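# Structure at a glance
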Amino acid sequence: MYSTMQDVQLNVSRILQHGMTIHGKSTITTWTGEPEPQRRTFAEAGTRAHQLAHALRDELGVTGDQRVATLMWNNAEHVEAYFAIPSMGAVLHTLNLRLPPEQLVWIVNHAADRVVLVNGSLLPLLAPLLPHLPTVEHVVVTGPGDRSVLDGAAPRVHDYEELIAGRPTAYDWPELDERTAAAMCYTSGTTGDPKGVVYSHRSIYLHSMQVNMSESMGLTAKDTSLVVVPQFHVNAWGLPHATFMTGINMLMPDRFLQPAPLAEMIERERPTHAAAVPTIWQGLLAEVTANPRDLSSMTQVTIGGAACPPSLMEAYDRLGVRLCHAWGMTETSPLGTMAHPPHGLTAEEEWPYRVTQGRFPAGVEARLVGPGGEHLPWDGESAGELEVRGTWIAGSYFGGIDAEEIRPADKFSEDGWLKTGDVGVISPDGYLTLTDRAKDVIKSGGEWISSVELENALMAHPAVAEAAVVAVPDEKWGERPLATVVLKEGETADYETLRAFLADEGGIAKWQLPERWAIVPAVPKTSVGKFDKKVIRRQYAEGELDVTQL
Ligand code: AMP
């Protein structure tokens, strides 16, 4: 027996129409570096999205599921592209502007992008790549920037504002199959070629609803979200779509991602929420410690993408800003867990829950798998690789135009679950604690040492700004931890003291304490601001680090 319910497709165009009508007065504020930011209502941005779709189809000839790429910061025009491109049936391909040029070239060619929308400030990055991008026929430039670098370029060059001006303000959105591609994002793989994750209209729709649930970000039209997490990184954690569903105002930093302008925009625009990776919050903390600013409007911050050191959470607690830890991946859209403690607890009782990666929402099923493929219990102790499945979780990667999708055995189980590559434990009440990436675990004499636990303990030391721990080869034990430490400005600390701190304050067992240490000026970061441990391992292997052995 079938249901008697209507079968309405969960299309991105429906989110757009809802946002621009029901929440038409909500705003997207984009930082410009000028005395006044740019302000645009959802109604205005939505209307411009209709015009952009007309321009793409009527002027540039975009049809079917052709890919339209964006090489853009977080701003109102990028939000317009987010809605126009999938709504018309084309595929939005967000390009990570921090990738090395050769990877960007590989990705654009693999996706066969036909059009690139680019912020003027990023033209120096795009221009030299164009001769290597044979599928790109049009470049559309938005915002300030020297356009002369495109002189002589093969693709036709358009100005965004001129292109959309005067176009019809109502596009007749096609009724798409909700399972078709809406957007794509490549993971910056540490080994092998980047992998394309392709989101469907349905996955975006369902994920956005989850983002808005109270046990997730739970924001409303009364809120303003400072969206620091880039729109080129997993759809800015789903926020541009989620905001149009519930009318949450957006504050977009554009290219002003340094701690000082971020602090200024928080003080001036008073967002109630923000989303970013831990390194952003580390940087902002150092900034407001040196130059105090009023951050008190931000009652909730979503922090994820890498483990949040508990010491960072405590520091923000003292500023009245509550960090809420979340876990996810490009392959999981990304919302996988969020660390809201159970209700009715005291602050002290909440703490052990807040420092976990959090609980799985209803749409995400999880299991832990041991080294022999056995399923492990949720007892808070048995550590294994996390596997997940759900409606907004990838089941394969994009194989290329006219090629089959790919399902590498190290990323997908035979029964279709995503192998996350993350190692951790799950408590009986469903809270996930990650101890490492599978490839970052330190295997010392047959026992596992968690690099994350050592890092968190080190970063609690008052002199330490950042710490990254990696496995290095050891003759006796197979592998041992190497601790690389960035000291706060003007601070000093010797290795013996730090080691003693780990044992005394961090509760780290003696056999887990690192004997190899290096003070470094900065921890190398990936294109999305996470610790880049493969660079540290290479620096060590090539003797580039000044290592002291205790
Ligand atoms: P990406 O696809 O680039 O977003 O990277 C996803 C990976 O980031 C995950 O598989 C984790 O290893 C890591 N990650 C994301 N969120 C967290 C978190 N809250 N704690 C620890 N690691 C995280």
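Please read these numbers as outputs of a predicted model, since none were measured by experiment. (Residues numbered from 1 in each chain as written. Predicted model: local features only at pLDDT ≥ 70, side-chain atom pairs only at ≥ 80, totals over all residues. Heavy atoms only, no water.)

## Some thoughts on the UniProt feature "domain: AMP-binding enzyme C-terminal" (unreviewed entry) in the protein
If you check UniProt for "domain: AMP-binding enzyme C-terminal" (unreviewed entry), the listed places come out as residues 453-530 in our numbering. Strand forms 32% of residues 453-530 and helix 22%; the C-alpha atoms that close the span are 16 Å apart. (UniProt positions renumbered as here; feature names shortened; annotations may be inferred. Helix = DSSP H or I, 4+ residues; strand = E, 2+ residues; numbered from the N terminus.)

## Description of the nonpolar core
In a soluble, globular protein the nonpolar side chains are often hidden away together inside. With 81 residues, the main nonpolar core has Ile 28, Phe 83, Leu 117, Phe 244, Leu 386 and Val 388 as its most contacted residues. What Leu 386 contacts, discounting residues up to four positions off in sequence, is Trp 327, Phe 360, Ala 366, Arg 367, Leu 368, Leu 418, Lys 419, Thr 420, Gly 421, Asp 422, Ile 426 and Leu 432. With 57 residues, the next largest nonpolar core counts Leu 129, Ala 274, Ile 303 and Met 313 among its residues. (Core = buried A, V, L, I, M, F, W, Y, C linked by side-chain atoms within 4.5 Å. Buried < 20%, exposed > 50% of the residue type's maximum accessible area, 1.4 Å probe, protein only. Contact = heavy atoms within 4.5 Å.)

## Some words on the sheet that holds strand β7 (residues 156-159)
Read across the open sheet, the seven strands follow the order β7-β6-β5-β3-β4-β8-β9; overall the sheet is mixed. Bordering the open sheet on either side are β7 and β9 (195-200), each of which pairs with just one other strand. Each strand axis lies, on average, 25° off the axis of its neighbour in the sheet, ignoring direction. In the sheet, strand β6 (residues 138-142) pairs with β7 via four bridges, with the strands oriented parallel. Opposite Val 141, over in β7, you have Asp 159 as the bridge partner. (Pairing = 2+ DSSP bridges. Axes fitted to C-alpha atoms, helices over the stretch in contact; angles between N-to-C directions.)

## Focus: the site of the ligand
In the vicinity of the ligand lie 15 residues, with Ala 326, Thr 330, Asp 422, Arg 437 and Lys 530 positioned nearest. Gly 305 is positioned such that a nitrogen or oxygen atom in its backbone is 3.0 Å from a nitrogen atom of the ligand. Here Lys 530 contributes a side-chain N or O atom positioned 2.7 Å from an oxygen atom of the ligand. Taking 500 Å² as the accessible area of the ligand by itself, protein coverage stands at 87%. Tallying contributions element by element places strand β14 (residues 322-328) first for the shell around the ligand, with four residues. Partitioned by chemical class, the residues of the shell around the ligand number six nonpolar, six polar and three charged. (Near = heavy atom within 4 Å. Polar contact = N/O pair within 3.5 Å; in protein donor to acceptor, adjacent residues only side chain to side chain. Areas by Shrake-Rupley, 256 points an atom, 1.4 Å probe, with all protein chains shown as cover. Nonpolar A, V, L, I, M, F, W, Y, C, P; charged D, E, K, R; others polar.)

## Structural notes on the pairing of strand β5 (residues 113-119)
Strand residues, when the strand is regular, have side chains that alternate between the two faces of the sheet. By the criterion of burial, β5 is predominantly enclosed, with seven of the seven residues buried. Looking at chain direction, β5 and β6 are connected through five bridges and run parallel. In the sheet register, Leu 117 faces β6, and the bridge partner there is Val 140.

## Digging into the packing of aromatic side chains
Under the criterion given, the structure shown has nine aromatic pairs. With a centroid separation of 6.3 Å and an interplanar angle of 35°, the aromatic rings of Phe 360 and Trp 378 are classed as tilted. Here Phe 360 is found in the loop between β16 (358-359) and β17 (364-369), whereas its partner Trp 378 is found in the loop between β18 (375-376) and β19 (384-390), with 18 residues between them in sequence. Of the aromatic side chains, those joined through ring pairs into one cluster are Phe 42, Phe 83 and Phe 244. In this structure, Arg 367 is placed above the aromatic ring of Trp 417, and the distance from its NZ or CZ to the ring centre is 4.1 Å. (Phe/Tyr/Trp six-rings, centres within 6.5 Å; stacked < 30°, edge-to-face > 60°. Lys NZ or Arg CZ within 6 Å of the ring centre and 35° of its normal.)

## Some thoughts on the domain arrangement of the protein
Looking at the protein, the domain boundaries give domain 1 (1-201), domain 2 (361-439) and domain 3 (440-549). Taking only C-alpha atoms into account, the centre of domain 1 sits 41 Å from that of domain 3. (Domains from an automatic or database assignment.)

## Notes on unusual backbone geometry
In this model, Ser 333 is joined to Pro 334 through a cis peptide bond whose omega is 10°. Positioned with a positive phi, Ala 112 is a non-glycine residue whose angle comes to about 55°. If you trace the backbone, Ala 112 turns up in the loop between α4 (101-111) and β5. Even without being glycine, Arg 270 reaches a positive phi, approximately 50°. Looking at the secondary structure, you find Arg 270 in the loop between α10 (259-269) and β12 (273-276).

## Some details on the pairing of strand β26 (residues 516-519)
By the bridge criterion, four bridges tie strand β25 (residues 478-487) to β26 in an arrangement that is parallel. Opposite Thr 484, over in β26, you have Ala 518 as the bridge partner. Once the chain exits β25 it traverses helix α15 (residues 495-504) before rejoining the sheet at β26, and the crossover so formed is right-handed. When β26 meets strand β27 (residues 548-549), the two strands line up antiparallel, connected through two bridges. (Right-handed = clockwise from strand over helix to strand, strands pointing away.)

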